[in-house]
Amino acid sequence: MNQTMTSLLKTVVASATMLGALAAHAQTAAGDVKAGESKAAMCIGCHGIPGYQNAFPEIHKVPMISGQSASYIAAALQAYRKGERKHPTMRGIAGSLSDQDIADLAAFYSGHNAGVTAPEQPKAAPAAVAALLEKGACTSCHGANFSKPIDPSYPKIAGQHADYLYVALKSYGVEGNPYIGRGNPIMGGIVKQFSNAELKQLANYLATVPGELATKPQSRFR
């Protein structure tokens, strides 16, 4: 991507982010941590076990969600509920949740890793990966250290499992599949610039960047 196209992409991303942030702010319910803890039984069987793997659409570790922002967790659950994120298990779970349930779970998980702060500057990326990050304008949304997204409904991605990131990135490029894919036009456009090998390079690097995410085992799994 040349400099003009990169600048254009950043402008489009920034504009969409502002609109998305306003919409998300208007729709966000206030969450209750204690209520979220009482509702998390269906979540901890995957997200409360370190190293737990999902086999759909391919084997990968389930994402770390402790320490994500409440806005992102809520946005992700709402996307699964609407079918914008296609995952049969998550669609079924999210479909059983009310807006208040989602807000409560988001409040609960966002507070799990309190006090952990990512370094302001990430570890240096290899030259080839740095070029890919620039091509995708990744810091424009996810922040310079990949832990301070410019919109809280965007995910922190520093330190996330590499295999999950790879599967997630690929899913944005899937079209016309009723079972796999994520409907996000910005990410869809970005991902389609890269080969799977390049997406894996990005995922592998981001997984090594110190971040704020964790898997917090629940008492029954300790």
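Everything in this summary refers to the structure shown in the same document. (Residues numbered from 1 in each chain as written. Predicted model: local features only at pLDDT ≥ 70, side-chain atom pairs only at ≥ 80, totals over all residues. Heavy atoms only, no water.)

This part covers the overall build of the chain. Counting its regular elements, the chain contains 11 helices and four strands. Scored against the burial criterion, the 222 residues of the chain give a buried share of 42%. Intrachain contacts of the chain at a sequence separation of at least 6 include 74% that bridge at least 24 residues. As presented, the chain carries roughly 11,100 Å² of accessible surface, and 59% of it is formed by carbon and sulfur atoms. (Helix = DSSP H or I, 4+ residues; strand = E, 2+ residues; numbered from the N terminus. Buried < 20%, exposed > 50% of the residue type's maximum accessible area, 1.4 Å probe, protein only. Contact = heavy atoms within 4.5 Å. Areas by Shrake-Rupley, 256 points an atom, 1.4 Å probe, with all protein chains shown as cover.)

This next bit is on the packing of helix 9 (residues 162–172) against helix 11 (residues 196–208). At a closest axis distance of 8 Å, the pairing of helix 9 and helix 11 adopts a crossing angle of 140°. Taken together, helix 9 and helix 11 sit at an angle that is classed as oblique. The element helix 9 and its partner helix 11 pack so that their crossing is right-handed. For the pair formed by helix 9 and helix 11, the contact residues are A162, L165, Y166, L169 and K170 on the first element and N196, L199, K200, A203, N204, L206 and A207 on the second. When the residues that make up the contact of helix 9 with helix 11 are grouped by side-chain class, the tally is eight nonpolar, two polar and two charged. (Axes fitted to C-alpha atoms, helices over the stretch in contact; angles between N-to-C directions. Parallel < 35°, antiparallel > 145°, perpendicular 65-115°, else oblique. Left-handed = near helix turned anticlockwise from the far one by under 90°. Nonpolar A, V, L, I, M, F, W, Y, C, P; charged D, E, K, R; others polar.)

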